[in-house]
Amino acid sequence: MEKKKKPLYKRWWVWVLAVIIIGAIASGGGEDSEPASTEPKQEAKTEAKKEEPKKEEKKETKQEEQAKEDDVPREYKAALEKAKQYAETMYMSKAAIYDQLVSPYGEAFPKEAAQYAIDHLEWDWKANALEKAKQYAETMNMSNQAIYEQLVSEHGEKFTPEEAKYAIDNLK
């Protein structure tokens, strides 16, 4: 006897995702004109400044990197761009992005393409955890403990305990 799959709209995680998306859209029109998505990029620039002595080494390998990049399959590049979109707009964790990329109900990328995207996505995951924590605090009025548990949950946001702790410690 084969087990019949539930329709997508009857799955609990679909509704949780819908609430999060609606909350993110609703909180997007706040009074702060500073977009939160610039934080990861700014921190990446700061880290690059710290590593200026290594810049010369990077210049030598720039052509090699371009040659390697030309050999990357289109689907891998597409997975990387999709991963960047999820990180920048939905503040998702690395694990949640991977799951979304390979999910047959999500992007349906091959596992190899999703892994390539995760391996090549340079992002500040702690900043994403903090932004997600702010969303939970503002839209759902959750306690710090409940937010932490949602951030680290395998059925929730899938942030690491370190990323979730950072978010809670910096939540105002």
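Residues numbered from 1 in each chain as written. Predicted model: local features only at pLDDT ≥ 70, side-chain atom pairs only at ≥ 80, totals over all residues. Heavy atoms only, no water.

A. Local environment of the overall build of the protein chain. Helices and strands together make up the secondary structure of the protein chain, namely nine helices and zero strands. N-terminal to C-terminal, the α/β element order of the protein chain is α-α-α-α-α-α-α-α-α. For the protein chain, the proportion of its 172 residues judged to be buried stands at 28%. Nonlocal contacts in the protein chain, meaning residues at least 24 apart in sequence, comprise 62% of its contacts between residues at least 6 apart. (Helix = DSSP H or I, 4+ residues; strand = E, 2+ residues; numbered from the N terminus. Buried < 20%, exposed > 50% of the residue type's maximum accessible area, 1.4 Å probe, protein only. Contact = heavy atoms within 4.5 Å.)

B. Geometry of the pattern of salt bridges. For the coordinates displayed, the defined rule picks out six salt bridges. Linking Asp99 and Lys158 is a salt bridge whose minimum nitrogen-to-oxygen distance equals 2.1 Å. With Asp99 in helix α5 (residues 94-102) and Lys158 in the loop between α8 (144-152) and α9 (161-169), this residue pair connects regions lying 59 residues apart in the sequence. When its relative accessible area of 29% is taken as the criterion, Asp99 is described as partly exposed. The closest approach of N and O atoms between Glu162 and Lys126, which form a salt bridge, is 3.2 Å. Here the residue Glu162 occupies a position in helix α9, and Lys126 occupies one in helix α7 (residues 125-140), the gap between them amounting to 36 residues. The class of Lys126 is partly exposed, set by a relative accessible area of 30%. (Salt bridge = Lys/Arg side-chain N within 4 Å of Asp/Glu carboxyl O.)

C. Representation of the packing of α7 against α9. α9 packs onto α7 with a crossing angle of 55° between their chain directions and a minimal axis gap of 8 Å. Overall, the two elements α7 and α9 adopt an arrangement that is oblique. Judged by the sense of rotation from one axis to the other, the crossing of α7 with α9 is right-handed. Across from Trp125, Lys126, Ala127, Ala129, Leu130 and Ala133 in α7, the residues of α9 making contact are Glu162, Glu163, Tyr166 and Ala167. For the contact of α7 with α9, the class distribution of residues is seven nonpolar, no polar and three charged. (Axes fitted to C-alpha atoms, helices over the stretch in contact; angles between N-to-C directions. Parallel < 35°, antiparallel > 145°, perpendicular 65-115°, else oblique. Left-handed = near helix turned anticlockwise from the far one by under 90°. Nonpolar A, V, L, I, M, F, W, Y, C, P; charged D, E, K, R; others polar.)

D. Here's a closer look at the packing of helix α4 (residues 74-89) against α5. Relative orientation of the contacting elements α4 and α5 amounts to 130°, with a least axis distance of 10 Å. Taken together, α4 and α5 sit at an angle that is classed as oblique. For the crossing formed where α4 meets α5, the hand is right-handed. Only Ile97, Gln100 and Leu101 of α5 make contact with α4, whose side of the interface consists of Ala79, Lys82, Ala83, Tyr86 and Ala87.

E. Structural view of the side chain of Ser93. By the element assignment, Ser93 lies in the loop between α4 and α5. With relative accessibility at 0%, the residue Ser93 sits in the buried group. One polar contact links the side chain of Ser93 to the main-chain amide nitrogen of Ala96, over a distance of 3.1 Å. Each residue touching Ser93, except ones within four places of it in the same chain, is listed here: Trp125, Glu157, Lys158 and Phe159. (Polar contact = N/O pair within 3.5 Å; in protein donor to acceptor, adjacent residues only side chain to side chain.)

F. Expanded view of the packing of aromatic side chains. Scanning the model with the defined rule gives one aromatic pair in all. Relative to Tyr116, the ring of Tyr76 lies with its centre 5.4 Å away and its plane at 50°, an arrangement referred to as tilted. With Tyr76 in helix α4 and Tyr116 in helix α6 (residues 111-120), this pair connects stretches of sequence that are 40 residues apart. Classification of Tyr76 by relative accessible area gives partly exposed; the value is 23%. A relative accessible area of 16% places Tyr116 in the buried class. (Phe/Tyr/Trp six-rings, centres within 6.5 Å; stacked < 30°, edge-to-face > 60°.)

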